[in-house]
Amino acid sequence: MADQAVQYLETQQAQHPNLGNQLEQFRDLYQRKLWHQLTVKLEEALTQAEFRRGDFLIPLYEHFIASFAHKINLLKLAHIAITVAQQYSQPDDAITFLEGVIKQLEETKLPRIDQPVLIMRAQIAQYKLKMGYVQECKGLVEAAKETLDSLHDVDPSVSAQVHFVGSLYYKHKQDFANFYKSSLQYLAFISSDNLPTDTRLALAVDISLAALLGDNIYNFGELLLHPIINVLDGTKYTWLKEMLACFNHGDLHQYDELCAKYAAVLNSQPAMVENERKLRQKITILCLMELIFSLPAEQRTIPLSTIAQRTKLDTDGVELLLMKTLSLHLIEGVIDQVAGSVQVGWVQPRVLTLPQASNLKGRLDAWITKVNAAALNLEEESLIAAA
C-alpha cells in the first residue's frame, strides 16, 4: 500500500508540475512517517485554488490520504474529508463519500471518533437539505444536537458545524426563533471576521430579521453587542440595525418614525409585511418592559394611564397588554383595576448594551448614596438616643 501511495504521488508530479514541490514534500513526510507535519502540509494545500481545481482532491484522498488516514488526528481527517466531499458535483456522491469515511472510522474501533463522525454527519445533513430531503435533515440535526450535548471538551469547529447546519434547517422552515438561537450559537464558536464579506452581510441580515420576527425574542442586547451587526453599517440594510436598536429600547414613538421613514424598504420585505401586527405587538411589549425597567424597584406601582400614554393604547388595551406580558412570563405582578394601576415585582433580565449598562450604573450609584445616607442617619439617631 505504501508503494502504491508513493507511486501515485510520483505520477501526479509528472502530470501536475505546478504542484511538484508540494507533492514532493508529501512524499518525503509520508516516507518518514511524520504524520503531524504531513497533516499540516495537507491542510495548507487544501486552502489553495490549485489543489481545489477540478477533481484533483478526490483521487488524492482515495490513492494517498486514505492509506494513512487512521494515523493522523481524526478530527483533522474529518475536516479534510469534508473539503474533499465539496469537490463532488452531486450532493449524493458527496454523501456516499462521507458515509464511507465514517464507516472506515467506525471499523477502526479507535477512541475519540465521536467528534469526527459528528462533524461529518452534520455535513451530510447539509447535503440532505440541499437535495430537498428536509425530514431526513431534521432527523440528522436533532441527532447531532443530542450527541453534541452528551460530549465533553468539544472542539469549537464541531460545535460550530452542528449549530450552522441547524440554522440552515430552521431558515428553510422559516422558524425565526430557532434560527436566531442556532445562529448566535454558531457565532459563539467562530470568528465572524474570518467569514467572507458577502457571507457576513447575508448572515447579519438574516439574524437581524429573525430577531425581530422570532416568537418570544424580547432581548436584543446580545446581537447588538456582536461584531457581526456592524457589517450592516453603510449598506442598504442600515435600517435593520436602527430597527433593532429601537426594539431594544422599546421606543414605540421611534418605531413609528422608522416605519414611515423606511416604508418602501419595509414593504419590500414580505416577512415584515406578513408579520406587521406581530411586530407592533412586540415593540409595544418591549415599550412596557422598558418603562418598568427604568423605574426603581420601590416605585414599580405604575398607573395604567402612564402605560397608556407610553404605549399609545386605551385602558382596555393596556390591560390586554399586561395580561399578554404576564402570560409570557416577561414580568410578574398584580393588576389593581380599582386603583387603575399595576404593581410589578419582577421583570425579565436581559443583556444590556453599553449605554444601558451605564444607565444602570448611575442608578446603582444613586441607590448606594441613599443607603449610605440612611446608615449615617441611623448612626446619628443611635448616638442621640444613647446620650
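If you're wondering where the values come from, they're calculated on a predicted model, not measured in any experiment.

Trainee: Explain the overall build of the protein chain to me, using residue names and the numbers behind them.
Mentor: The number of helices and strands found in the protein chain is 21 helices and three strands. Computed over the C-alpha atoms, the radius of gyration of the protein chain is 29 Å, more than 25% above the 21 Å expected from 2.2 N^0.38 for a compact globule of 387 residues. Taking the principal axes of the C-alpha coordinates as reference, the protein chain spans close to 95 × 65 × 40 Å. In the protein chain, the proportion of contacts linking residues at least 24 apart, taken out of those at least 6 apart, comes to 63%. Carbon and sulfur atoms make up 52% of the accessible area of the protein chain, which amounts to about 20800 Å² in all. Computed over 35 positive and 45 negative side-chain charges, the separation of the two mean positions in the protein chain equals 3 Å.

Trainee: Quick one: what's the story with the pairing of strand 3 (residues 341-347), residue by residue and with numbers?
Mentor: Note that strand 1 (residues 301-303) and strand 3 share three bridges and pair antiparallel. When the sheet's bridge partners are listed, Thr 301 is paired in strand 3 with Gln 343. Pairing between strand 2 (residues 331-336) and strand 3: six bridges, direction antiparallel. Paired with Val 334 across the bridge in strand 3 is Gln 343. Hairpin connection, strand 2 to strand 3: the antiparallel pair is bridged by four residues, and Gly 340 has positive phi, about 65 degrees.

Trainee: Which residues make up unusual backbone geometry, and what are the values?
Mentor: Of note in the backbone geometry, Lys 109 takes a positive phi value of approximately 60 degrees without being a glycine. Along the chain, the position of Lys 109 falls in the loop between helix 7 (91-108) and helix 8 (114-130). Non-glycine residue Arg 112 carries a positive phi angle of around 60 degrees.

Trainee: Residues and numbers for the packing of aromatic side chains, please.
Mentor: Remark: the centre distance and the inter-plane angle together describe each pair of aromatic rings, the angle taken between the planes. Following the criterion strictly, the structure yields 14 aromatic pairs and no others. A ring pair is formed by Tyr 61 and Phe 97, whose centres lie 5.1 Å apart and whose planes are at 85 degrees; its orientation type is edge-to-face. Of the two residues, Tyr 61 is situated in helix 5 (residues 57-63) and Phe 97 in helix 7; the sequence distance between them amounts to 36 residues. Residue classification places Tyr 61 among the buried positions, given a relative accessible area of 4%. Measuring from ring centre to ring centre gives 5.4 Å for Phe 247 and Tyr 255, while their planes differ by 90 degrees; the resulting arrangement is edge-to-face. Residue classification places Phe 247 among the buried residues on the basis of a relative accessible area of 1%. Ring pairing ties together the aromatic residues Phe 26, Tyr 30, Trp 35, Phe 51, Phe 56, Phe 64 and Phe 68, which thus form one cluster. The ring of Tyr 218 carries the charged tip of Lys 282 above its face, separated from the ring centre by 5.6 Å.

Trainee: Describe the sheet that holds strand 2, naming the residues involved and giving the relevant values.
Mentor: Note: strands within a sheet are paired through backbone hydrogen bonds, in either parallel or antiparallel orientation. Read from one edge of the open sheet, three strands run 1-3-2, paired in antiparallel fashion. With one partner strand each, in any of the chains shown, strand 1 and strand 2 form the two edges of the open sheet. In this sheet, adjacent strand axes meet at a mean angle of 25 degrees when their direction is disregarded. Against the sheet, helix 18 (residues 276-293) engages strand 1, strand 2 and strand 3, with an angle of about 80 degrees to strand 3. Packing against the sheet, helix 19 (residues 304-311) makes contact with strand 1 and strand 3, and its axis sits at approximately 65 degrees to strand 1.

Trainee: Which residues make up the UniProt feature "domain: PCI" (unreviewed entry) in the protein chain, and what values go with them?
Mentor: Using the residue numbers shown here, the UniProt feature "domain: PCI" (unreviewed entry) corresponds to residues 175-349. Between the first and last C-alpha atoms of residues 175-349 the distance is 24 Å; the span itself is 61% helix and 9% strand.

Trainee: How would you summarise the nonpolar core if you had to cite specific residues and measurements?
Mentor: Here is a general trend for soluble globular proteins: nonpolar side chains tend to be buried in one another's company. Among the nonpolar cores identified, the biggest contains 123 residues, and Phe 64, Met 120 and Ile 307 are the most heavily contacted of them. No other element matches helix 18, which puts ten residues into this core. If sequence neighbours within four positions are ignored, Ile 307 has contacts with Leu 288, Leu 291, Ile 302, Val 318, Leu 321, Leu 322 and Val 342.

Conventions adopted
Residues numbered from 1 in each chain as written. Predicted model: local features only at pLDDT ≥ 70, side-chain atom pairs only at ≥ 80, totals over all residues. Heavy atoms only, no water. Helix = DSSP H or I, 4+ residues; strand = E, 2+ residues; numbered from the N terminus. Rg over C-alpha atoms; globule rule 2.2 N^0.38 Å. Contact = heavy atoms within 4.5 Å. Areas by Shrake-Rupley, 256 points an atom, 1.4 Å probe, with all protein chains shown as cover. Lys, Arg positive; Asp, Glu negative; His and termini not counted. Charge placed at Lys NZ, Arg CZ, Asp CG, Glu CD. Pairing = 2+ DSSP bridges. Phe/Tyr/Trp six-rings, centres within 6.5 Å; stacked < 30°, edge-to-face > 60°. Buried < 20%, exposed > 50% of the residue type's maximum accessible area, 1.4 Å probe, protein only. Lys NZ or Arg CZ within 6 Å of the ring centre and 35° of its normal. Axes fitted to C-alpha atoms, helices over the stretch in contact; angles between N-to-C directions. UniProt positions renumbered as here; feature names shortened; annotations may be inferred. Core = buried A, V, L, I, M, F, W, Y, C linked by side-chain atoms within 4.5 Å.

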